[in-house]
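Now for the letters of each chain:
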Amino acid sequence: MKVSLNWLREHLPLELSAAELSTHLLRLGFEVAGHQRLGATFTGVVVGKVVTKEKHPNADKLSVCVVDDGATKRTVVCGAPNVDAGQTVAYARPGAVLPGNFKIEGRKLRGVESQGMICSRSELGLPKDVDGIWIMGEGPALGTDVGSLLGPADDVLEVEITSNRPDCLSHRGLARELAADFHKELKPLGGGMVESRKVSLPVTVEDSEACPFYGARLIEDVKVGDSPAWLKSKLEAIGLRPINSVVDITNYVLHDIGQPLHAFDADKLKGGKIIVRRSEAGEKLLALDHKTYDLPEGLLVIADDEKPVALAGVMGGEETAVTTSTKRVLLEGAYFNPAEARKSSQKTRLRSDSSYRFERGSDPAAPREAADRAAALILQIAGGSAAMPSEAASVRLEGTKIHSSVAKLNQILGADFSDDKVLASLKPIAKELTGTAADFGFLPPSWRRDLATANDLAEEVGRFLGYDNIPYRMAPMSPKTARLTPVEAESRRVRSRLAALGLSEAYNYDLLSEKSLAACRLSADGQPRAANPLSEDWAVLRQSLLPGLLKNAAHNLSRGADAARFFEVGKAYAIRGTDVDETWRVAGILLGPVLDARWQAARAPRASFYDGKAIVEDLLEKAGPVVWAKLSESKTPSDPLFHPANTLRATINGAPVATVGWLHPRVARAFDLEREGAIVFDADLEWLAGREDAVSRFAEFSSLPVSRRDLALVLDKKSAYRDVETVIKKCRLEALQDVLLFDVYEGKGVPEGKVSLAIRLTFGLADRTLTDTEVSAAVETVVAALAKQLGASLRS
Amino acid sequence: MTRADWEKSYARTESALRSAGVEKTADLPTLEEVRVRFLGRKSELTELLKSLKDLSIEDKRDLGPKAQGLKASFEAALEARKSVLEESGDAAALAADAIDLSLPAIRPPKGRLHPLTTTLHEIARIFQLMGYSWAEGPFVEDEKHNFSALNIPDDHPARDSHDTFYLQGLPYLLRTHTSTVQIRTMETQRPPLRVVCPGRVFRHEQIDATHSAVFHQVEGLVVDENIGLADLKGHLQTFLQKLLGASTKTRFRPSYFPFTEPSTEVDVKCFFCPGTGCPSCKHTGWIEILGAGVVNPVVFKAIGYDEKKWSGFAFGIGVERVAMLLHGVRDLRDFYTNDIRFLKQFDESLT
């Protein structure tokens, strides 16, 4: 809300600067978001004309100008690049004082005498428009005081009023708040009831719940014209455009005392009556903003005999607006239920200064007084004669008394303010304060509907006595141990593990476009969607973190990165019945060289499926008995984003917990990653979080020497390494500690269709050293089993 | 052998040893030759030592140490020369080993945690030390938990500041603040409570440098007997000083949230300028960092806590805002683009 300090001072004498006032307002809970100075904060600056402009003999960037101020012509040195002969400018004569008490005197600049200065707007404390001097344009006579062109000096503050304080949405309201803070009295409000014997138009209120008070006063024989200068300048100071005297008066009263009013052209009201009713289906309103609104059924409207003429509390209609040809004015002063005003404003997406106040809650006691005040001003400015108002009133004015004690308020604040101080701070804002410190009754005034509980009063006391005067206290520690949730504990383990494995963490948005899902061969069916998406890029809640990660990889590659290793911990969503499932997942992508070794690039391996497998194995460590299966052979639901053959799905006790593999070639192509060989993985973080979170226990290991035997096996290319491991394990050799695959070879020396696997067997016992014979026997068992079951032979 | 003969042969041996020039031996093989010549089984020195046995007891006692001393000093000289020759031999071999040490290091890939993760962890860590447990709630919420249970009824103007994503065909929305978790926590736990609820929130806002439709908050909630605004001030000042430094100055000013009363917004003295104003503090000298307040008893009442017995305070911190301040990030979108040139600048990785 824009607040003019001059205007504020009409209600409360204040000897504060704008900066000091801002500090006070902030302490009371009102942020000041802006400050604008109006009028001149300088003297001795007149309108001048640049007669000639020459280059300065001794300086490249300076010009020597002759300026005519109507009386004399003087030489002025100017540094602005935009100065030119023929311009009308603001000329500070010697003796002028510019903002910041900057005195202008004649002085030599690089050897040329400069008598005064050609000013820029910012040098005059005005909002800047262009770089360089202020070019004023033709109009004002030479020698005119520039200050006089700017209107009276004023400070205008942009004050942010929180939504619980509609009572401060006016100059008087804010002055009242400051008066309470300073323990001062507001100046009495001038103007009073206009008595008359004439009668206004009849008013019917069909829903007194929605409109507890409606007053309408008829003023006849008005001459609507321009507003007087004082009124115009007030409105202009707070950024409003004057329209005509009657409309300006209603706007003025709104910003003066906070009560929205509306003026109708009474001659344009069909049937000469006012009905406050609900809108009916199909009704429309051409509003003051020149737009036609289709009114949904059931909004509160002001209607004449035929149709709505205003959306109650929001905006009037253009057809019944007061213009300069209006002769009879019907002045509305009403109180609308905040919820009604808000509903109307939201349903029509129409907002106004009035709706802003009504929906926050205007003062139910104010309409009559405000309308009287406006009526008096109309009579004074536009003439005419007023009738007595027609009113429909069912409004309840008295608030609810709050019973509390100083001790209770101090408890809420954690403060130790004295009884006197607390009561003295409540007194100015109470309609009635009775009882004692130990048990008082506080009756709020009609404009403070936000005050209903002891906590509300505690805040008032805190504000007026200062939050700064409330101590810093540490509530004693609870004996409960601070704990992480299992999911958070797991996600921390996962995050630091993946970062240690060289993956960087990404954060992607949860909402995706259908297009990017389609690029990942994922469907938006069965996914929750935003009812009001920001754009098509933000339409569907994701079922996988991978679309985001693929985008990240592509983004980085396109910007020169040669590798991309990312992971994300986040939620995936799905509709289940009438509910939305959301699950924590972790996913990642690997692509490009696994080492940052450009000068050894030829030797540096690139991320392969097996790097991804290592990562997922790490994630699943201690999670339970993992069963791996090819995605194409797994009984668990498939994932179309992955390559069906070169993807493994891990299940634990039948639950799919992780997937790792190649990207499906078509997905890779969509992200322009087909040459990169991207490896992706995805795991169910919540499942992992369910695992035992035990502290690692140390287990003794044998210090006895072990025996190693290397075997070079030749077997059919179609057999998988896993079969070799399985066969060896099935031999159930007590002494076999480890099986290590250390080479996979095809080619020269190995028959076509065969592959050579080199494995190292490690034997050892905890309590004694094995003999050579024992080891050899064990090896023979293994070789025999492999030969029998896999047709493996030893490579000679 | 007489003593005189022995002494003669001693003098001869001594002079031979001296003229052998151990210190000048050129290389290890020559040195070995010298050693064999003088210490070998048939060598002069060995013979001299052997011949001691032919002398009288007195002479033996007299001359024995002399002979041993000669041997020892010769051996010492040999040893010294040997180590000199070995050293220089090594140096040559080592010089031949030289590789170009100025070639770039070969790095295993370095993973980083996202700056929002580290910031969020840091915030939560401080509160954890103050006894706050971690609590979570769903991102997809209903009206009740996001609004009405927090004293924000349907027609409340405070909803204006919560531009909300609603879900199509479902009675749900994406939570607009983590305050929902206050309600979720109180629904399942009895006081006393001390929790932080960090997480992602959603606002229906066009994305630009200072607005994001997705961002993160850390909500805090304390419920106990006799909690007042003073406790809120104490806890939050302690938190801010631990987060931003012990000399951090705080300012608590009144504000309004429907679910807290009294409410406050907390500013810290700008740490980019000496309070004189700069773009970071919008020329006010102060930076707004969190919102907080004493839990409005109507919230307790709605949840079924006895509002006469329990009181509490709650607060909410914007994680992006803190991360931007700590790291000097100016554009919110940078947090969600995942450009490695951005991510790699943050090395709080494994904290």
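Everything discussed here concerns the structure shown above.
Here's a quick rundown of the structure. (Residues numbered from 1 in each chain as written. Chains lettered and ligands numbered in written order. Predicted model: local features only at pLDDT ≥ 70, side-chain atom pairs only at ≥ 80, totals over all residues. Heavy atoms only, no water.)

With respect to the overall build of chain A
Counting secondary structure elements, chain A contains 20 helices and 39 strands. Viewed in the frame of its principal axes, chain A has a C-alpha envelope of about 125 × 80 × 60 Å. Pairs at least 24 apart in sequence give 69% of the contacts found in chain A among residues at least 6 apart. For chain A, the computed accessible surface area is about 37100 Å², with 50% contributed by carbon and sulfur atoms. Chain A carries 101 positive and 107 negative side-chain charges, and their two centres are separated by 3 Å. (Helix = DSSP H or I, 4+ residues; strand = E, 2+ residues; numbered from the N terminus. Contact = heavy atoms within 4.5 Å. Areas by Shrake-Rupley, 256 points an atom, 1.4 Å probe, with all protein chains shown as cover. Lys, Arg positive; Asp, Glu negative; His and termini not counted. Charge placed at Lys NZ, Arg CZ, Asp CG, Glu CD.)

Some points on the overall build of chain B
When you go through chain B residue by residue, the secondary structure sums to twelve helices and nine strands. What you see for chain B is a C-alpha radius of gyration of 42 Å, clearly larger than the 20 Å of a compact globule of 351 residues, by over 25%. Its C-alpha atoms give chain B principal-axis dimensions of about 130 × 50 × 45 Å. Residues counted as buried form 52% of the 351 residues belonging to chain B. Here the contacts in chain B between residues at least 6 apart in sequence split such that 67% fall between residues at least 24 apart. Within the structure as shown, chain B displays about 15900 Å² of accessible surface, and the carbon and sulfur contribution to it stands at 52%. When the 44 basic and 48 acidic side-chain charges of chain B are each reduced to a single mean position, those positions are 5 Å apart. (Rg over C-alpha atoms; globule rule 2.2 N^0.38 Å. Buried < 20%, exposed > 50% of the residue type's maximum accessible area, 1.4 Å probe, protein only.)

Notes on the interface of chain B and chain A
As a measure of interface size, the accessible area lost when the parts come together is often cited. With 93 residues of chain B in contact, the opposing surface of chain A contributes 90 residues. Of the roughly 7700 Å² buried where chain B meets chain A, counting both sides, 56% is carbon and sulfur surface. Applying the counting criterion to the chain B and chain A interface returns three salt bridges. The partner of glutamate 31 of chain A in a salt bridge is arginine 253 of chain B, with the nearest N and O atoms 3.5 Å apart. A per-element tally of the side of chain B that touches chain A places helix α8 (residues 229-244) of chain B first, with eight residues. Here the side of chain B that touches chain A is built from residues that sort into 45 nonpolar, 27 polar and 21 charged. (Buried area = accessible area lost by both parts, 1.4 Å probe. Salt bridge = Lys/Arg side-chain N within 4 Å of Asp/Glu carboxyl O. Nonpolar A, V, L, I, M, F, W, Y, C, P; charged D, E, K, R; others polar.)

A look at the sheet that holds strand β1 (residues 133-134) of chain B
Residue and element names in this part refer to chain B. Read across the open sheet, the seven strands follow the order β1-β4-β5-β9-β8-β7-β6; overall the sheet is mixed. Two strands close off the open sheet at either side, each with one partner strand: β1 and β6 (250-257). Bridge analysis of strand β4 (residues 193-202) against strand β5 (residues 214-224) gives ten bridges, and the strand direction is antiparallel. Counted as the bridge partner of glycine 199 is glutamine 217 from β5. (Pairing = 2+ DSSP bridges.)

Quick notes on helix α9 (residues 366-382) of chain A
Residue and element names in this part refer to chain A. End to end, α9 covers 23 Å across 17 residues, agreeing with the expected 24 Å (1.5 Å per residue, within 8%). Within α9, burial applies to Ala366, Pro367, Ala370, Ala371, Asp372, Arg373, Ala374, Ala375, Leu377, Ile378 and Ala382. One or two residues past the end of α9 sits glycine 383, with phi positive at roughly 75 degrees. (Expected span 1.5 Å × (residues − 1).)

Re the nonpolar core
Buried together is how nonpolar side chains tend to be arranged in soluble globular proteins. Counting 176 residues, the largest nonpolar core has Leu426, Phe442, Leu550, Ile589 and Leu641 of chain A together with Phe127 of chain B as its most contacted members. With 27 residues, the next largest nonpolar core counts Ile238, Ile249, Ile257 and Ala382 of chain A among its residues. (Core = buried A, V, L, I, M, F, W, Y, C linked by side-chain atoms within 4.5 Å.)

Structural notes on the pairing of strand β9 (residues 311-318) of chain B
Residues and elements named next belong to chain B. For β9, a buried count of six out of eight residues is recorded, marking the element as mostly surrounded by other parts of the structure. Pairing geometry for β5 and β9, over eight bridges, is antiparallel. Residue valine 218 lies in a different strand from β9, and its bridge partner there is isoleucine 317. The pairing of strand β8 (residues 286-295) with β9 spans five bridges and is antiparallel.

Considerations on the pairing of strand β30 (residues 564-576) of chain A
Residue and element names in this part refer to chain A. With ten of 13 residues buried, β30 is to be regarded as a mostly interior element. Examined bridge by bridge, strand β27 (residues 504-505) and β30 share two bridges and lie parallel to one another. Counterpart to glutamate 505 in the pairing with β30 is phenylalanine 567. The antiparallel pairing of β30 with strand β31 (residues 579-591) creates a hairpin that spans two residues between the two strands, and glycine 577 there sits at a positive phi of about 65 degrees.

Description of the sheet that holds strand β11 (residues 154-160) of chain A
Residues and elements named next belong to chain A. Ordered in space as β1-β11-β2, the three strands form an open sheet in which the pairing is antiparallel. Looking along the sheet, the strands with just one partner apiece sit at the ends: β1 (2-4) and β2 (31-38). The sheet shows a mean angle of 25 degrees between the axes of neighbouring strands, taken without regard to direction. Of the strand pairs in this sheet, β2 and β11 are connected by seven bridges, and their pairing is antiparallel. Residue pairing in the sheet places glutamine 36 in a bridge with valine 156 of β11. On top of the sheet, helix α2 (residues 18-28) reaches β2 and β11; it is set at about 20 degrees to β11, its chief contact. (Axes fitted to C-alpha atoms, helices over the stretch in contact; angles between N-to-C directions.)

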